[in-house]
Amino acid sequence: MKPLFRLSLALVVLLTLSSVVWLTVREDRVDFNTQIKPLLNKNCIACHGGVKKASNFSLLFEHEALAAAKSGKHAIIPGNADASELIRRLTLTDPDERMPLEAPPLKKEEIELLRDWINQGAEWGNHWAYQPVEKPEVPQIGTFWSRLGLVENDEVKWAKNEIDHFVLNKVSQDKEFAPVLKPSPEADRATLIRRVSLDLTGLPPTEQEVTDFLKDTSPNAYEKMVDQALQSPAYGERWTGMWLDLARYADTKGYEADLARPMWRYRDWLIKAFNADKPFDQFTIEQLAGDLLPDPDGKTDKNESVIDNPLIATAFHRNTMTNDEGGTQDEEFRVAAVLDRVNTTWDVWQGTTFGCVQCHSHPYDPFTHEDYYKYLAFFNNTRDEDVPSDTPTLRFYKAADSIKVQELNDWVSRHATNPQQVKTANRFTRLTEPKVNSHSFDQYVKASLMGAMYTAIQDGGSARIKNMDLNGKNRLILAWGTKAEDAVMTIRQDSVNGPVLTRQPVPKTGSPWRDTTLVFALPNVSGRHHLYLTLSSPKNPKEWVMVKWVSVQPALPGQPETALGEMDHKLTEILNAKAELVPVMQEGVGDQVRETFVFERGNWLVKGKKVRADVPKSLPPMPADLPRNRLGLARWMVSREHPLTARVAVNRFWEQLFGTGIVETVEDIGTQGIPPSHRELLDWLAVEFMETDHWSVKKLLRRIVLSATYRQRSSVSPEALDLDPWNKMLMRGPRVRLTAEQVRDQALATTGLLSKKQFGPSVMPIQPDGIWQSPYSPESWKLSQGEDRYRRALYTYWKRTAPYPSMITFDSPSREFCQLRRLRTNTPLQALVTLNDPVYVEAAQHLADWMRYQGKTPEQQIQAGFQRIMLRPLSSAKLAVLTQLYRTTKTHYQQQPEEARKLLACDDGTPELAALAVTANTMLNLDEVVTKE
């Protein structure tokens, strides 16, 4: 038995040692993503990457890195570092051969790290963000006995949900942080309700809400308060405000002229979508491809058809700027808009810097130059063409006109022989599509492209419309105008002397720029033909007749084939009705489908290889059953297999609550972004968001704000502040300055001025004179009246070249392009705004008028004012300072009563009230007031 025992013992020892050796080997393995990739990006990729491939050698992709270079040598031979040219060139002393060229040599330990990696097989790896999202196990916290509930443990007692487990586990694993960083206690109730309300609704809580929460002694009081905030109508407005930055929302078109554009219905769609908790995947699909959905999801408002909801959503990508400046090339700026849509889609949903791939393969991430244009092909077929009318636009008819639309629709439905006829008629009355914009006419004779926008013809002149499909289309619809008398336009087939299809008098509209839309009958013509427009205008031969667009359509069901009927005249009335418009996306089909080419070095004029719509090869392939259009793309983006969309969304919502994302660089989670502070937590939340919450944003936000991590006090010890100044370990609560909109909204809300009115056109609250400069139009800032002056900031009219000044001072973007993350600054200009801007002065006046009835002494009045603003008492030290300010100011106004009346903007203003107004203004300007604790 003894030999057998010794043999068994030896086997046990051998297995143990083998396990130790194996574990040691595993622990010493070099990780490509965290150790090698950053090293290559920093030192090598500039010359050997997507932009530049010196010696035909690139380190961007594995197959390129392992291939032979121009010299025929292999830079990397897996398993043999000594034979790898990369190691040889890194260790040379000759500066002409040593790499990196014209840069300091790598450190010895860095070269050894590369050597170890190659000897271990040069195992490549995808960056974590491009790997599938897998749900990690929730870490265990506390001791074994505490998890069983047999003994108390601080960690188990502190944690509220799974988020806290990840946060505690991260700290405990760090030898530097663990001894110093401990969870902070929960914030007091007044602080918590203000934090939750500002985060979820963008507004401070009401005094009644605070009172109710402070009195609620039930175990789930906090949960009830959170649920109340999530159900508030203000919730949708708060998160719409965030999304408007991403959508580059504005009420104007941008560029030099920056003329008005009616986009407010898209903003209202967002508010309704957030309040209804529209699942984020559907929210995404409708904005990117709502026009392509086969079964639009119901009505939105009275008199809106079932197609309107997802169509309005597509205005997300109609927020791109259009250039109305005379002499610009429409195609150039159409392409610029398409490029912006590609880049914005990646910024908002993929969190990756894709824009640089327009000109060359990505220097750091696995995306090639060709990938960009394959992706661009998804967006290249939209019907917008940078025309001043911003078409296609969804038309909203008023009163009697909407009745005409309904009558026309009823007629078509009764007489149609197939569903397509109904769809075609509805599309044209609501969208005036399909049509041909006149900037694409050619073969001009005594004709011109006026303002580089529209075709205009003089007497004896002509222009051609190329290759029109006339099969089954016997209606010609023209938008045109002139100030010439008795001008006649003839439409001919195939040449200026070809068969006459129709000859019509041109309506005298008073100006070629003022158009009217008319419907004409055409004879039955089959096939494809060029159409020639020829003009006779002998009375005013020098006057222009301008054509803006033309369309050929089938006759409405039940109408004569080659003559106009009753419904044709009704259609004419509808097309000329004054309708409210919102620019939307529409896909081109048939003749309007565009081919897509690679732009050499990003230049739209230099076209290279023709490409078809597809997604980057480094990401999961697009399933074969998805259509190769924006709808298929959107569904691919929100599929469970996609590695980016859910991670990016979760990270963005986390950043909105904590001030910093789990990945700080919200705009870039790729290889050049800052690594996540809690990667496992991010992935766990992403999977929960997709699988458990079914893309519910409200459930995601609720889970986060219910965590103990979120509820912590924001105060911090000097030791913890020194060790973790940016709170990356999340061992204290967030302390962040309010957004530009929240600073303004809070001032109005706490002083009783804020209007709760929702939806509708943008408003123009008070702003300093002289801000707007509109040399191209009579547009001006017309001060809104009544409660519209006091509506929430997201309803403020947004002119790109002159945004609302007080919000710009607080870091709001101009919205010319997608803004992914607002940088927070702290400048004297911000204090000047809150002390002097008319909005804040009026708020202070209103608050002071209320304060004077809240006590007999200045101390009581000031204490009441601060309590109303911050929902907690003012400390005695601060009360003393503010009281001294009040007394000093009152003395000044007693000596200068005219100044008191001027400040209060009334003839009966007293020095006491003026001093209260100054004190109230000062309180509204305090750091703690404009900060979320």
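Refer to the structure above for everything that follows.
Residues numbered from 1 in each chain as written. Predicted model: local features only at pLDDT ≥ 70, side-chain atom pairs only at ≥ 80, totals over all residues. Heavy atoms only, no water.

1. As for the packing of helix 14 (residues 280-289) against helix 21 (residues 630-637)
Convention followed: Axis definition: a line fit to C-alpha positions, over the contact stretch in the case of helices; interaxial angles, taken between N-to-C directions, run 0 to 180 degrees. In this text, helices come from DSSP runs of H or I with a minimum length of four residues, and strands from runs of E with a minimum of two, each type numbered from the N-terminal end. Reported orientations rely on four angle classes, namely roughly parallel under 35 degrees, roughly antiparallel over 145, roughly perpendicular from 65 to 115, and oblique for the rest. Crossings are assigned a handedness: left-handed for a near helix turned anticlockwise from the far helix by less than a right angle, right-handed for a clockwise turn. Between two residues, a contact is recorded if the distance between any of their heavy atoms is within 4.5 Å.
Look at helix 14 against helix 21: their axes get within 9 Å of each other, and the N-to-C directions meet at 155 degrees. Considered as vectors, helix 14 and helix 21 are oriented roughly antiparallel to each other. For the element pair helix 14 and helix 21, the recorded crossing hand is right-handed. For the pair helix 14 and helix 21, contact is made by I285, L288 and A289 and by R630, L631, A634, R635 and M637, respectively.

2. Concerning the environment of L270
Its location among the elements puts L270 in helix 13 (residues 264-275). Taking the C-alpha atoms as reference, L270 lies 8.2 Å from E237; in sequence the two are 33 residues apart.

3. Remarks on empty space enclosed by the protein
Spelled out, the test is: As defined here, a cavity is a set of points on a 1 Å grid over the protein atoms alone where a 1.4 Å probe fits but cannot get out. A pocket is an open set with protein on both sides within 12 Å along at least five of seven lines, and residues line them when an atom is within 4 Å of a point. Grid points are joined across faces, edges and corners, and a volume is the space filled by probe spheres set on the points. Side-chain classes follow a simple rule in which Ala, Val, Leu, Ile, Met, Phe, Trp, Tyr, Cys and Pro form the nonpolar group, Asp, Glu, Lys and Arg form the charged group, and the remainder, Gly included, forms the polar group.
A complete count under the given rule lists 5 cavities of 30 Å³ or more for this structure. Forming the walls of the largest cavity are 33 residues, and the residues nearest its centre are R238, Q656, T739, Q742 and R822. Counting residues per element, the ones that place at least two in the lining of the largest cavity are helix 12 (233-246), helix 22 (645-658), strand 14 (736-737) and helix 27 (740-750). Sort the elements by how many residues they give to the lining of the largest cavity and helix 12 lands first, with 6 residues. Residues belonging to the lining of the largest cavity are distributed by class as follows: 11 nonpolar, 7 polar and 15 charged.

4. Describing the pattern of salt bridges
Using the following cut-off: The salt bridge definition used is simple: a Lys or Arg side-chain nitrogen within 4 Å of an Asp or Glu carboxyl oxygen. Accessibility here uses a 1.4 Å probe with only protein chains present; expressed as a share of the type maximum, an area under 20% marks a residue as buried, one over 50% as exposed, and anything in between as partly exposed.
For the structure shown, the criterion picks out 62 salt bridges. A salt bridge links R528 to D591; its shortest N-O distance comes to 2.3 Å. Separated by 63 residues along the polypeptide, R528 in strand 9 (residues 528-536) and D591 in the loop between strand 11 (580-583) and strand 12 (596-599) bring together distant segments of the chain. Residue R528 is classed as partly exposed on the basis of its relative accessible area, which comes to 37%. Of the charged contacts, one joins D811 and R737 as a salt bridge, the two residues approaching to 3.1 Å between their closest N and O atoms.

5. Side note on the packing of helix 16 (residues 330-350) against helix 22
Two numbers describe how helix 16 lies on helix 22: the axes approach to 7 Å, and their chain directions differ by 70 degrees. Comparing their axes, helix 22 and helix 16 come out roughly perpendicular. Along its contact with helix 16, which presents D347, V348, W349 and Q350, the element helix 22 presents T645, V648 and R652. Partitioned by chemical class, the residues of the contact of helix 16 with helix 22 number 3 nonpolar, 2 polar and 2 charged.

6. Section: the nonpolar core
Note the following rule: Here, nonpolar core means buried Ala, Val, Leu, Ile, Met, Phe, Trp, Tyr and Cys residues that are tied together by side-chain atoms lying within 4.5 Å of each other.
Counting 130 residues, the largest nonpolar core has Y222, W243 and F280 as its most contacted members. Ignoring anything within four residues of it in the chain, the contact list for Y222 reads L192, V196, F213, V705, L706, Y710 and R711. Counting residues in hydrophobic clusters, the runner-up holds 51 residues, among them A740, L748, L847 and V930.

7. Observations concerning the side chain of D390
Our working definition: Definition of a polar contact: a pair of N or O atoms within 3.5 Å, with one able to donate and the other able to accept a hydrogen when the atoms are protein atoms, and with sequence-neighbouring residues admitted only if both atoms are side-chain atoms.
Note on placement: D390 falls in the loop between helix 17 (369-376) and strand 1 (393-396). Relative accessible area serves as the criterion here: at 4%, D390 is assigned to the buried category. At 3.4 Å, the side chain of D390 forms a polar contact with the side chain of T322. Not counting chain neighbours up to four residues away, the residues in contact with D390 comprise K253, R261, R318, T322 and P583.

8. So, helix 21
A large share of helix 21 lies buried, amounting to 7 of its 8 residues. Along helix 21, the residues that are buried comprise R630, L631, G632, L633, A634, W636 and M637. Tucked into the core, helix 21 has its buried residues touching helix 14, helix 16, helix 17 and helix 22. Backbone nitrogen of L631 and a side-chain oxygen of the N-cap are separated by 3.1 Å at the start of helix 21; the cap is N629.

9. Some points on the packing of aromatic side chains
Let me state the cut-off plainly: Each Phe, Tyr or Trp ring, with Trp reduced to its six-membered ring, pairs with another whose centre is within 6.5 Å; inter-plane angles below 30 degrees give stacked pairs, above 60 give edge-to-face pairs, and intermediate values give tilted ones.
According to the stated counting rule, one finds 39 aromatic pairs in the structure shown. Here the aromatic rings of F658 and Y710 are separated by 5.9 Å at their centres, their planes lie at 85 degrees, and the arrangement is edge-to-face. Of the two residues, F658 is situated in helix 22 and Y710 in helix 25 (residues 708-711); the sequence distance between them amounts to 52 residues. Both residues of the pair, F658 and Y710, count as buried.

10. Describing the state of the cysteines
This is how the line gets drawn: Any two cysteine sulfur atoms within 2.5 Å of one another count as a disulfide.
Applying the stated criterion across every chain yields a total of 0 disulfides. No disulfide involves C44; its nearest neighbouring cysteine sulfur is the one of C47, lying 8.9 Å away. Its sulfur unpaired, C359 is 8.5 Å from the next cysteine sulfur, which belongs to C356. Overall, C359 belongs to the partly exposed group, its relative accessible area being 35%.

11. A word on unusual backbone geometry
Here M99 and P100 are connected by a cis peptide whose omega angle stands at -5 degrees. By the secondary structure assignment, P100 is in the loop between helix 4 (85-91) and helix 5 (108-119). Residue P392 follows T391 across a cis peptide bond; omega there is 5 degrees. When you line up the elements, P392 lands in the loop between helix 17 and strand 1. Positioned with a positive phi, D386 is a non-glycine residue whose angle comes to about 60 degrees. Looking at the secondary structure, you find D386 in the loop between helix 17 and strand 1.

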